[in-house]
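Single-letter residue listing:
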Amino acid sequence: MITIPYLTAVSTYFSYGLLFAFGQLRDFFRRFLDWWLTSNLQGYAPICLGHEDFYIRRLYHRIQDCFERPISSAPDAWFDVVERYSNDNNKTLKRTTKTSRCLNLGSYNYLGFGSFDEYCTPRVIESLKKFSASTCSSRVDAGTTSVHAELEECVTRFVGKPAAVVFGMGYATNSAIIPVLIGKGGLILSDSLNHSSIVNGARGSGATIRVFQHNTPSHLERVLREQIAEGQPRTHRPWKKIIVVVEGIYSMEGEICHLPEVVAICKKYKAYVYLDEAHSIGAIGKTGKGICELLGVDTADVDVMMGTFTKSFGSCGGYIAGSKELIQYLKHQCPAHLYATSIPTPSAQQIISAIKVILGEDGSNRGAQKLARIRENSNFFRAELQKMGFEVLGDNDSPVMPIMLYNPAKIPSFSRECLREKVAVVVVGFPATPLLLARARICISASHSREDLIRALEVISKVGDLSGIKYFPAEPKKIEHTNNDIKLD
Amino acid sequence: MYVRALPTTDVNRNTEWFTYPGVWTTYILILFFSWLLVLSVFNCSPGIAWTIVHLAHFTVTYHSFHWKKGTPFGDDQGVYNRLTWWEQVDNGKQLTRNRKFLTVVPVVLYLIASHTTDYQHPMLFLNTLAVFVMVVAKFPHMHKVRIFGINADR
């Protein structure tokens, strides 16, 4: 639940109105001036229909330097950001050869596997030398090596399901699997803030999609009852299949899903549960096994568990874990398995080594240390930010914390000022988030030390004062130091 | 003073901002401040200022609600390309609170403008024409109707 000061809401609408008005004005004059120029389309249709690109041209390009910043080192706790300059007011940006060393608060490097690791990297290099960088084939032709088989077995052990299948790309996992699982005549109930890969997959499947209010199991039950009673759209026949799609941690909110209630509702109405653990696998739970471990849900109750290896494991790709029959079916039907290139072998080795470190099978307790550290870091950072008066979303234990900015002008001001102080943050605005709710999203990593976090807090506090985003009153500092002043004799 | 922003179930990013708190107030405040601006710039009588605000409001809202079709970004792959903003609001459901509010505002503006100009011509004629077009365009029966093929797709 987001609490906005009323004045901020009104001023945000007004700012966007002003930006749109200026954009329309500039477009109007541009159309006037372009009338005299001849068009070189040669009879072809224009690429953009109507004012489809209005937002990109008139709003996004103004602050383009806050997004897509290139980096030139591994995404560790500190990394090198390439400096860019623009000669035409941010329409085009040119890279320079200079880099600046910044604190990384944007990478999904939850457990610190994003850079050199003493257990994983030597094994990855060895696998690169033995198997080379790509398998050059799809899984069914010649792309399954022993490492792939070991990876799938590792994933089943880690996640706690009977079988798993691994794909080369996390986004493609969702968008290629959902059409295979459900088709026309089925119903997909998706959380309103689900990731665009799920939305894409759902739209591509041809099933009817209904959206329920974010993380509200009571609304899910109401929508489910209504839909089961009504049946398919025009024929009112019963639905062939109903799948409820939820995420473990929602990447823009940092909130953890209310999984036990959702699973209880789905059991009652005989719907399938599809859980997307992209951000939660490896990052939450006592031994890193994700949201099911954290909330005490039996993995046998979740029918399809999906996850990606990009966040906590420092690699690429995604997996689907489920019953043996489900995975067998997917291996025969899913186009991402049959036609897409398999995951590169060194990346697969990285995942296997990362899983071994997390489970402690490499002989040390580095995995447990990393998990404890990320939990400590997240809770410390979130508590300190809230004490300073920022509005921070997300539940405790979640390593993703969005700081609300609201006003469109605060997006570039926060991003650029932080970069000037050598702290790199990711800011998100419309249309990835709702219009009113622009935010800066901080991702904490296990490789951040306490000094890094304190430095980040200082910078964010200073920039927050400059930008005016401390919407809540700051908690007064404890008055312990006055006692020291009194004891002067 | 804080308000809660409940997440909506509207997937259309172009219209979902209208469901958050503060929109109605902002709309009314913009109208009021533009009236003050017109008064200070043109140094005219309040009635003429309200007429100018009413007609400008008509032009701007007719263009953005009932003429421009589609969404200003390409993420939704063009599913709303045939619908104007008015037809997209609230997922096409008619007679919701938002729609009723947006229908009432031009009528109230018309009443204020006519009253402050003492119902004289030619302001009365222009104001009446504007409010007539505005209100007819917002009727539930006009959903997806294109008269004489004006603004229809190819």
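Computed from a predicted model, the values in this text were never measured in an experiment.

J.: Break down the overall build of chain B for me, citing the residues and quoting the values.
T.: In terms of helices and strands, chain B carries five helices and one strand. Secondary structure elements in chain B, listed N-terminal to C-terminal, are β-α-α-α-α-α. Projected onto its principal axes, the C-alpha positions of chain B cover 50 × 50 × 25 Å. Counting only contacts in chain B whose residues sit at least 6 apart along the sequence, the fraction spanning at least 24 positions is 62%. Only carbon and sulfur atoms are counted for the fraction: they give 68% of the accessible area of chain B, which is about 8,700 Å². Each charge class in chain B was averaged separately, 13 positive and 8 negative side chains, and the resulting centres sit 3 Å apart.

J.: Account for the interface of chain A and chain B, naming residues and giving values.
T.: Across the contact, 37 residues belong to chain A and 32 residues belong to chain B. Interface area for chain A against chain B, summed over the two sides, is near 3,100 Å², with a carbon-plus-sulfur share of 64%. When the buried area of chain A at its contact with chain B is split by residue, Tyr6, Tyr13 and His51 of chain A rank highest and sum to 22% of it. Per element, the largest residue contribution to the side of chain A that touches chain B is six residues, and it comes from helix H1 (residues 6-34) of chain A. The class makeup of the residues in the side of chain A that touches chain B is 26 nonpolar, eight polar and three charged.

J.: Can you break down the sheet that holds strand E7 (residues 242-247) of chain A residue by residue, with the values?
T.: Residues and elements named next belong to chain A. Across the sheet, seven strands lie side by side as E4-E10-E9-E8-E7-E5-E6; this open sheet has mixed pairing. A single partner strand is all that each edge strand has here, and the edge strands are strand E4 (163-167) and strand E6 (208-212). If you compare each strand with its neighbour and ignore which way they point, the axes differ by 20° on average. Both E4 and strand E10 (residues 318-322) contribute to a ladder of five bridges, which runs antiparallel. Note that in E10 the partner of Val165 across the bridge is Ile320. In the packing of helix H4 (residues 146-159) onto the sheet, contacts are made with E4, strand E9 (304-308) and E10, and the angle to E4 comes to roughly 125°.

J.: I'd love a proper account of the UniProt feature "domain: Aminotransferase class I/classII large" (unreviewed entry) in chain A, names of residues and values included.
T.: Here the UniProt-annotated "domain: Aminotransferase class I/classII large" (unreviewed entry) positions come out as residues 102-460 of chain A. Each end of residues 102-460 of chain A is marked by a C-alpha atom, and these two atoms are 14 Å apart; helix forms 42% of the span and strand 15%.

J.: Please provide a residue-by-residue account of the packing of aromatic side chains, values included.
T.: Geometry of an aromatic ring pair is reported as the spacing of the ring centres plus the angle between the planes. For the structure shown, the criterion picks out 24 aromatic pairs over all chains. Ring centres of Tyr13 of chain A and Trp17 of chain B lie 6.2 Å apart, and the angle between their planes is 50°; on these two criteria the pair is classed as tilted. Of this pair, Tyr13 of chain A sits in helix H1 while Trp17 of chain B sits in the loop between strand E1 (2-5) and helix H1 (23-42), which puts the two residues in different chains. On the accessibility criterion, Tyr13 of chain A (7% relative accessible area) is buried. A ring pair is formed by Phe20 of chain A and Phe54 of chain A, whose centres lie 5.3 Å apart and whose planes are at 50°; its orientation type is tilted. With Phe20 of chain A in helix H1 and Phe54 of chain A in helix H2 (residues 54-60), this pair connects stretches of sequence that are 34 residues apart. Exposure remark for Phe20 of chain A: the relative accessible area of 23% places this residue in the partly exposed category. For Phe54 of chain A, a relative accessible area of 1% translates into the label buried. In this structure an aromatic cluster arises from ring pairing among Tyr13 of chain A together with Trp17, Phe18, Phe65 and Trp85 of chain B. The cationic tip of Arg123 of chain A hangs over the ring face of Tyr119 of chain A; the distance from NZ or CZ to the ring centre is 3.8 Å. The ring of Phe380 of chain A carries Arg450 of chain A above its face, with NZ or CZ at 3.9 Å from the centroid.

J.: Provide a residue-level description of the confidence of the model for chain B, including the pertinent values.
T.: With 99% of its residues at a pLDDT of at least 70, chain B reaches an overall mean of 88. Across the whole predicted complex the pTM is 0.87, and at the interface the ipTM reaches 0.89.

J.: Please give an account of the pairing of strand E8 (residues 272-276) of chain A that cites residues and values.
T.: All names here are of chain A. Counting buried residues in E8 gives four out of five residues, a clear majority hidden from the surface. Here E8 pairs with E9 via three bridges, running parallel. The partner of Asp276 across the bridge, within E9, is Met306.

J.: Describe the pattern of salt bridges, listing the residues and the values that go with them.
T.: Per the counting criterion, the structure on display carries 24 salt bridges over all chains. Ionic pairing is found between Asp27 of chain A and Arg58 of chain A, a salt bridge with its closest N-O pair at 2.9 Å. On the criterion of sequence distance, the pair formed by Asp27 of chain A in helix H1 and Arg58 of chain A in helix H2 is long-range, its members being 31 residues apart. The class of Asp27 of chain A is buried, set by a relative accessible area of 15%. Ionic pairing is found between Glu16 of chain B and Arg13 of chain B, a salt bridge with its closest N-O pair at 3.4 Å. Arg13 of chain B matches Glu16 of chain B in its accessibility class, with the two residues each being buried. By sharing partners, the salt bridges in this structure join Asp27, Asp53, Arg57 and Arg58 of chain A into a single network.

J.: Give a description of the nonpolar core that names residues and reports values.
T.: Within soluble globular proteins, side chains that are nonpolar tend to cluster in buried spots. Residues and elements named next belong to chain A. In this structure, Ile4, Phe381, Leu385, Phe414, Ile442 and Ile460 are the most contacted members of the largest nonpolar core, which totals 69 residues. Of the residues forming this core, the biggest block, six residues, is contributed by helix H15 (residues 450-467). Sequence-distant contacts of Phe381, that is, excluding residues within four places in its chain, are made with Met401, Ile442, Ile444, Leu453, Ala456, Leu457 and Ile460. In this structure, Leu111, Phe113, Ile256 and Ala283 belong to the second largest nonpolar core, which totals 61 residues.

J.: Can you lay out the UniProt feature "transmembrane region" (unreviewed entry) in chain B for me, pointing to particular residues and giving the numbers?
T.: All names here are of chain B. The residues that UniProt annotates with the feature "transmembrane region" (unreviewed entry) are residues 20-42, 101-117 and 123-140. As annotated, residues 20-42 has a helix share of 87% and a strand share of 0%, and its two end C-alpha atoms lie 35 Å apart. Secondary structure across residues 101-117 comprises 94% helix and 0% strand; the distance between its end C-alpha atoms is 25 Å.

J.: Break down the side chain of Lys370 of chain A for me, with residues and values.
T.: Residue and element names in this part refer to chain A. Tracing the sequence through the fold places Lys370 in helix H13 (residues 366-388). The class of Lys370 is buried, set by a relative accessible area of 9%. Setting aside residues no more than four positions away along its own chain, Lys370 makes contact with Leu111, Gly112, Phe113, Asp117 and Ala446.

J.: Any details on the sheet that holds strand E2 (residues 78-85) of chain A? Residues and values, ideally.
T.: Residue and element names in this part refer to chain A. The strand order across the open sheet formed by three strands is E2-E3-E12, and the pairing between neighbours is mixed. The open sheet has two free edges, formed respectively by E2 and strand E12 (423-424), since each of these has just one partner strand. For E2 and strand E3 (residues 94-104), the ladder comprises seven bridges, and the chain directions are antiparallel. By the bridge assignment for E3, Phe79 is matched with Cys102.

About the criteria used
Residues numbered from 1 in each chain as written. Chains lettered and ligands numbered in written order. Predicted model: local features only at pLDDT ≥ 70, side-chain atom pairs only at ≥ 80, totals over all residues. Heavy atoms only, no water. Helix = DSSP H or I, 4+ residues; strand = E, 2+ residues; numbered from the N terminus. Contact = heavy atoms within 4.5 Å. Areas by Shrake-Rupley, 256 points an atom, 1.4 Å probe, with all protein chains shown as cover. Lys, Arg positive; Asp, Glu negative; His and termini not counted. Charge placed at Lys NZ, Arg CZ, Asp CG, Glu CD. Buried area = accessible area lost by both parts, 1.4 Å probe. Nonpolar A, V, L, I, M, F, W, Y, C, P; charged D, E, K, R; others polar. Pairing = 2+ DSSP bridges. Axes fitted to C-alpha atoms, helices over the stretch in contact; angles between N-to-C directions. UniProt positions renumbered as here; feature names shortened; annotations may be inferred. Phe/Tyr/Trp six-rings, centres within 6.5 Å; stacked < 30°, edge-to-face > 60°. Buried < 20%, exposed > 50% of the residue type's maximum accessible area, 1.4 Å probe, protein only. Lys NZ or Arg CZ within 6 Å of the ring centre and 35° of its normal. pLDDT = per-residue confidence, 0-100. Salt bridge = Lys/Arg side-chain N within 4 Å of Asp/Glu carboxyl O. Core = buried A, V, L, I, M, F, W, Y, C linked by side-chain atoms within 4.5 Å.

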